[in-house]
Amino acid sequence: MASKVNICSMACTLIGANRVTDLDNPTTEEERLCVLWWDQVLEETLHEHDWKFARAYKAALAVSASPSGEYDHAYQLPTDCLVLRYLWDTDAACRVTDSEYEIQGTQILTDLDTVNIVYTKLDENVGRYPTFFVRALTYLLAHYLAFKLSEKGSKAPEMRQLYTVAIANAIDNDQKQGNYPN
């Protein structure tokens, strides 16, 4: 099972830097940089795909009439929503087309009377991450760390290339775990 410290240590060793041991009280440059980059890299990797382990479903809460006047309703996105993937019409059992709603800040604007959303949540429970996701996350973190921790950033392009391959593999593995609703 992966941990934040393990992922950061793997990223550091990929670029020839020292392993990390404590991210709560960082004392080394490697630890400080891992703390600095962690949230950005995690969010960037979660944005890449509608990961099944980070997918959430909720009925959106109405907040008011639409502030734009273009739509009838405004619904609040959940606080743990990182990326709205789509709206789901439970009556028609299908996705709502992108032209039927708009995102403004943390609100969904639409003419629909009820809104069910499917989104990627900001899942920080690292132990739940599949190994293929961990691999991609590690390479992306190594890519960013390499600019500061490897000789003149020499490892950064290699780590980015490895990330590109790993993320494609991770997406492929995630998609093989079941069908998406139409």
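Look up a bit, the structure's there.
Residue positions are given per chain, counting from 1 as you read along its sequence in written order. Under the rules for a predicted model, residues below a pLDDT of 70 receive no local features and side-chain atom pairs below 80 are neither given nor counted, while totals for whole chains, interfaces and linings still include all residues. Derived side-chain values reflect all non-hydrogen atoms in the structure, with water molecules and hydrogen atoms excluded from consideration.

## Here we look at the overall build of the chain
Counting secondary structure elements, the chain contains 4 helices and 8 strands. Per the convention used, a helix needs a DSSP run of H or I reaching at least four residues, while a strand needs a run of E reaching at least two, with both numbered from the N terminus. Listing each helix as α and each strand as β along the chain from the N terminus yields α-α-β-β-β-β-β-β-β-β-α-α. Judged by the C-alpha coordinates and their principal axes, the chain covers about 55 × 35 × 25 Å. In the chain, the share of contacts with a sequence separation of at least 24, taken over all contacts with a separation of at least 6, comes to 71%. Here the Shrake-Rupley method, with its probe set to 1.4 Å, supplies the accessible areas, and only the displayed protein chains count as covering residues. For the chain, the accessible area works out to roughly 9800 Å², and carbon and sulfur atoms hold 48% of it. The contact criterion used throughout is that any non-hydrogen atoms of two residues lie within 4.5 Å.

## Description of the sheet that holds strand 4 (residues 81-89)
A pair of strands is labelled paired if DSSP reports no fewer than 2 bridges between them. Strand order across the open sheet formed by 4 strands is 1-8-4-5, with antiparallel pairing between neighbours. Each edge of the open sheet carries a strand with a single partner, namely strand 1 (55-59) and strand 5 (94-95). One ladder, built from 2 bridges, connects strand 4 with strand 5; its direction is antiparallel. Among the inter-strand pairings, W88 is bridged to a residue of strand 5, identified as R95.

## Observations regarding the packing of helix 1 (residues 4-14) against helix 2 (residues 29-47)
The contact between helix 1 and helix 2 brings their axes to 11 Å, and the two run at 110 degrees. In terms of orientation, helix 1 lies roughly perpendicular with respect to helix 2. Relative to helix 2, helix 1 is oriented so that their crossing is right-handed. Contacts between helix 1 and helix 2 involve K4, I7, C8 and C12 from the former and E30, C34 and W38 from the latter. As a rule, the C-alpha atoms of each element are fitted with a line to give its axis, helices using only the stretch in contact, and angles between N-to-C directions run from 0 to 180 degrees. Note on angle classes: values under 35 degrees are labelled roughly parallel, values over 145 roughly antiparallel, values of 65 to 115 roughly perpendicular, and the remainder oblique. Handedness of a helix crossing follows the sense of rotation of the near helix relative to the far helix, less than a right angle counterclockwise being left-handed and clockwise being right-handed.

## Looking at the pairing of strand 4
Two strands pair when backbone bridges link them, and strand 4 and strand 8 (residues 116-121) are joined in this way by 6 bridges, in the antiparallel orientation. Pairing of V83 across the sheet is with T120, part of strand 8. Connecting strand 4 to the next strand, strand 5, in antiparallel fashion are 4 residues, including A93 with a positive phi near 50 degrees.

## Section: the state of the cysteines
Defined by distance alone, a disulfide is two cysteine sulfur atoms within 2.5 Å. In this structure the tally under the stated criterion is 0 disulfides. Cysteine C12 remains unbridged, with the sulfur of C34 as its closest cysteine sulfur at 4.0 Å.

## Notes on a negative patch on the surface
The grouping of E70, D72, E100, D111 and D113 at the surface amounts to a negative patch. If you trace the backbone, D72 turns up in the loop between strand 2 (61-65) and strand 3 (73-76). Exposure above 30% relative accessible area and the absence of a salt bridge qualify a residue for a patch, where like charges join within 9 Å and nonpolar side chains (Val, Leu, Ile, Met, Phe, Trp, Tyr) within 5 Å. Salt bridges are defined by distance alone: a side-chain nitrogen of Lys or Arg within 4 Å of a carboxyl oxygen of Asp or Glu. Within this scheme the basic residues Lys and Arg register as positive and the acidic residues Asp and Glu register as negative, but His and the chain ends are omitted. Each charge is placed at NZ for Lys, CZ for Arg, CG for Asp and CD for Glu.

## Remarks on the pattern of salt bridges
Using the criterion set out here, one finds 8 salt bridges in the structure. When the shortest N-O distance is used, the salt bridge between R55 and D50 registers 3.2 Å.

## Considering the nonpolar core
Residues belong to one nonpolar core when they are buried, are Ala, Val, Leu, Ile, Met, Phe, Trp, Tyr or Cys, and are joined through side-chain atoms within 4.5 Å. Each residue gets one of three labels from its accessible area relative to the maximum for its type: buried under 20%, exposed over 50%, partly exposed in between, using a 1.4 Å probe on protein chains only. If you look at the biggest cluster of nonpolar residues, it comprises 41 residues, and the most contacted ones within it are W51, F133 and L145. Residue assignment for this core shows that the elements contributing at least two residues are helix 1, helix 2, strand 4, helix 3 (131-149) and helix 4 (156-175). If you tally residues by element for this core, the top one is helix 3, at 13 residues. Discounting residues that sit within four places of it in the chain, F133 has contacts with L42, T45, L46, W51, F53 and A170. Formed by 13 residues, the second largest nonpolar core is a distinct cluster that contains A56, Y75, I108 and V115.

## Examining helix 4
Each residue after the first adds 1.5 Å to the expected span of a helix. In a regular helix each residue adds 1.5 Å, so 20 residues correspond to 28 Å; helix 4 covers 28 Å between its end C-alpha atoms and thus fits that length. Taken residue by residue, helix 4 has A156, M159, Y163, A166, I167, A170, I171 and D174 as its buried positions. Summarising the axial view, the buried residues of helix 4 lie within an arc of 140 degrees, below the 170-degree limit, and thus occupy one face. Facing away from the buried surface of helix 4 by more than 90 degrees, the exposed residues are P157, Q161 and V165. Residues of helix 4 that are buried make contact with helix 1, helix 2 and helix 3. Of all possible arcs, the one meant is that of the directions from the helix axis to the C-beta atoms.

## Quick look at the environment of P26
With respect to the secondary-structure elements, P26 resides in the loop between helix 1 and helix 2. If sequence neighbours within four positions are ignored, P26 has contacts with E31, R32 and V35.

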